[in-house]
Structure formats: C-alpha cells, structure tokens
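Chains, contacts and geometry: an overview
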Amino acid sequence: QVQLVESGGGLVQPGGSLRLSCAASGSIFSINDMKWYRQVPGMRRELVASINEDFTTHYADSVKGRFTIARDNAKNTVYLQMNSLKPEDTAVYYCTMKLLKYLSDDYGDYWGRGTQVTVSS
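Below: a short report on this structure. (Residues numbered from 1 in each chain as written. Predicted model: local features only at pLDDT ≥ 70, side-chain atom pairs only at ≥ 80, totals over all residues. Heavy atoms only, no water.)

If you walk across this open sheet you meet the 4 strands as β1-β3-β8-β7, and the pairing is antiparallel. At either margin of the open sheet sits one strand with a lone partner, and together these are β1 (3–7) and β7 (67–72). Direction aside, the axes of adjacent strands within the sheet are offset by 15 degrees on average. The pairing of β7 with strand β8 (residues 77–82) spans 6 bridges and is antiparallel. Bridge assignment links I69 to a residue of β8, and that residue is L80. (Pairing = 2+ DSSP bridges. Helix = DSSP H or I, 4+ residues; strand = E, 2+ residues; numbered from the N terminus. Axes fitted to C-alpha atoms, helices over the stretch in contact; angles between N-to-C directions.)

In structure tokens form, the structure reads like this:
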C-alpha cells in the first residue's frame, strides 16, 4: 500500500513563508511526476506547481516567483517553498505523485489528504 502524507501547513501572516512537505511511503519502485494542487471550498482544485523526473518545473502564473517546488528522490519527498504569501493563497494544499509500485505494470496517481494553509493577519 502507498501513502502520501503532507505536513507544514498552518497560519501565517501576509508576506510570510511556509514550507510544505509530502512524503510517500510503501512499496514504491519509481516516481515520475510530483505535483502540488490547492483547493478552496466551492472552487475547482488548482494545479500550483509540478516537477517531473528530469527536475523540470512548472508553476501557475499566480505563484511564479514566489513558490518553489523541489524533490528528493532518495526520500520520495516533494517540497513546496512558499514565500511572500498572500491571503488569496489560503487553501487546502494537496500533493500527488505518479508512481510505479513494485510488481506493478502501470504507473498510478496517488494523493495525500491535504494540509490547510491560511494566510491572514
């Protein structure tokens, strides 16, 4: 069984920083894409940032220059460094990984349960 667990969320003032982590555990052979999404109640889940196995990154326009995604393959972990946070960044942040389990033929998409980020004074 594979589990993704996010951590690092919380309450921060506008202009502040947070670092989210997402660690995958279980019978994992390899991981392709790693992504962060966020969702506000009543809204669609939004892709925030992604990083593939070649370390190519992509960011939503709303976070470019403020957020940085990184991965540590040895730890099966993806990070999201969030700087200059704004109230509109308030959301539940989810990580997802496309990974291949041992003894499996196909990659599958796995999701964490999310971590709340609140930006407020």
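So, next bit.
Right, let's talk about the state of the cysteines for a bit. Evaluation of the coordinates by the stated rule reveals 1 disulfide. Covalent S-S linkage joins C22 and C95, the inter-sulfur distance amounting to 1.9 Å. Every disulfide takes its handedness from the sign of the S-S torsion; for C22 and C95 that torsion is 45 degrees, giving right-handed. Here C22 is found in strand β3 (residues 18–25), whereas its partner C95 is found in strand β9 (residues 91–101), with 73 residues between them in sequence. (Disulfide = S-S within 2.5 Å.)

On to the pairing of β3, then. Looking down a regular strand, the side chains alternate between one sheet face and the other. Direction of pairing for β1 relative to β3: antiparallel, over a ladder of 5 bridges. For L4, the partnering residue across the bridge sits in β3 and is A24. In the sheet, β3 pairs with β8 via 6 bridges, with the strands oriented antiparallel. Residue pairing across strands places S21 opposite Y79, the latter belonging to β8.

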